[in-house]
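# Working through the structure, step by step
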Amino acid sequence: AAAQGLSPADAGLLRLLALGVVRHRVTLDAVLTAVSGRLRAKQDPWVWGAARLGAFQMLLCDAIPDHAAVDSAVALAREKTVKAGGFVNAVLRNLQRAREARLPAGEPPGDAMRAIPLPEGGYVRLRLPVLPDPAVKPDAWLADAFSLPIWFTQRRLAALVLEGATRVCAACNAPPPLV
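What counts as what
- Residues numbered from 1 in each chain as written.
- Predicted model: local features only at pLDDT ≥ 70, side-chain atom pairs only at ≥ 80, totals over all residues.
- Heavy atoms only, no water.
- Helix = DSSP H or I, 4+ residues; strand = E, 2+ residues; numbered from the N terminus.
- Rg over C-alpha atoms; globule rule 2.2 N^0.38 Å.
- Buried < 20%, exposed > 50% of the residue type's maximum accessible area, 1.4 Å probe, protein only.
- Contact = heavy atoms within 4.5 Å.
- Areas by Shrake-Rupley, 256 points an atom, 1.4 Å probe, with all protein chains shown as cover.
- Lys, Arg positive; Asp, Glu negative; His and termini not counted.
- Charge placed at Lys NZ, Arg CZ, Asp CG, Glu CD.
- Salt bridge = Lys/Arg side-chain N within 4 Å of Asp/Glu carboxyl O.
- Phe/Tyr/Trp six-rings, centres within 6.5 Å; stacked < 30°, edge-to-face > 60°.
- Lys NZ or Arg CZ within 6 Å of the ring centre and 35° of its normal.
- Pairing = 2+ DSSP bridges.
- Axes fitted to C-alpha atoms, helices over the stretch in contact; angles between N-to-C directions.
- Core = buried A, V, L, I, M, F, W, Y, C linked by side-chain atoms within 4.5 Å.

### Description of the overall build of the protein chain
Counting secondary structure elements, the protein chain contains eight helices and three strands. From first element to last, N terminus to C terminus, the protein chain shows the α and β order α-α-α-α-α-β-β-β-α-α-α. Over its C-alpha atoms the protein chain spans a radius of gyration of 16 Å, differing by no more than 12% from the 16 Å that the globule rule assigns to 179 residues. With the C-alpha coordinates aligned to their principal axes, the bounding extent of the protein chain is approximately 45 × 40 × 30 Å. For the protein chain, the residues scored as buried account for 41% of the 179 residues in total. The long-range fraction of contacts in the protein chain, counting pairs at least 24 apart against all pairs at least 6 apart in sequence, stands at 50%. When the accessible surface of the protein chain is totalled, it reaches about 9700 Å², and 59% of it is carbon and sulfur. Computed over 21 positive and 15 negative side-chain charges, the inter-centroid distance for the protein chain is 5 Å.

Shown next as structure tokens:
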């Protein structure tokens, strides 16, 4: 950021986006796979990364309007090919249509397969299921919902019931407090 001469505000946004995409990579991949109908492994990493960036901004970062998130992600993907830009645009527009509501902390999300936990608490509810069923595969649900390794969620479930493991997993991926 300093080498590019970015202002402190732009440098902060750059940091938020970079760390946010990395922190929520597994969750973003689950959502993008559901709305695109394609597996991440079959996509160009650059193009999928652009889609992740747009999805992060649309789902988990409320400071950026959807049109700006889509535009910047499409522009990034078009650096690869024009067709890649079209793919990212279609996927992010599908995500925009799939998003129902942003629920505050404390409000029950309803169907856990359609609710993406927010870093600050609360949920983003989607129209389609994007996460595994917690009643059938609680370890996979925790891993995808909180973007954690499956071995970690399995250990938490072995030591705690689902409710306790959910609280631990949410705390593990929450942004650190400012000190």
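So that's the structure; there's more coming.
### Topic: the pattern of salt bridges
With the rule as written, the count across this model stands at seven salt bridges. Notably, a salt bridge pairs Arg 52 with Asp 29, separated by 2.7 Å at the nearest N-O pair. Of this pair, Arg 52 sits in helix α3 (residues 45-59) while Asp 29 sits in helix α2 (residues 25-36), placing them 23 residues apart in sequence. Classification of Arg 52 by relative accessible area gives buried; the value is 13%.

### A few points about the packing of aromatic side chains
Under the criterion given, the structure shown has two aromatic pairs. Between Trp 141 and Phe 146 the ring centres are 6.1 Å apart and the planes differ by 85 degrees, which places this aromatic pair in the edge-to-face class. Accessibility expressed as a relative area gives 7% for Trp 141, which makes it buried. For the ring pair Trp 151 and Phe 152, a centre distance of 6.0 Å and an interplane angle of 80 degrees mean the geometry is edge-to-face. The partly exposed category is assigned to Trp 151, whose relative accessible area is 46%. The ring of Phe 152 is capped by Arg 156, whose NZ or CZ atom sits 4.4 Å from the centre of that ring.

### As for the sheet that holds strand β1 (residues 99-103)
Backbone hydrogen bonds are what pair the strands of a sheet, in a parallel or an antiparallel way. What the three strands build is an open sheet, ordered β1-β3-β2; its pairing is antiparallel. Unpaired on one side and paired on the other, β1 and β2 (115-117) mark the two borders of the sheet. On average, each strand axis in the sheet is inclined to that of its neighbour by 20 degrees, with strand direction left out of account. Alignment of β1 against strand β3 (residues 123-126), held across four bridges, turns out to be antiparallel. Paired with Arg 102 across the two strands is Val 124, which belongs to β3.

### Details of the environment of Lys 137
Among the secondary structure elements, Lys 137 is positioned in the loop between β3 and α6 (138-146). C-alpha of Lys 137 to C-alpha of Val 168: the two residues are 31 residues apart in sequence and 17 Å apart in space.

### Some thoughts on the nonpolar core
By size, the foremost hydrophobic cluster in this structure holds 45 residues, and its most contacted members are Val 88, Leu 92, Leu 95, Ile 116 and Leu 126. Contributions of two or more residues to this core are made by α1 (8-23), α2, α3, α4 (66-78), α5 (82-98), β3, α6 and α8 (162-172). Here this core gets eight residues from one element, more than from any other, and that element is α3. With near-sequence residues (within four places) excluded, Val 88 lies in contact with Val 47, Ala 50, Ala 51, Ala 73, Val 74 and Ala 77.

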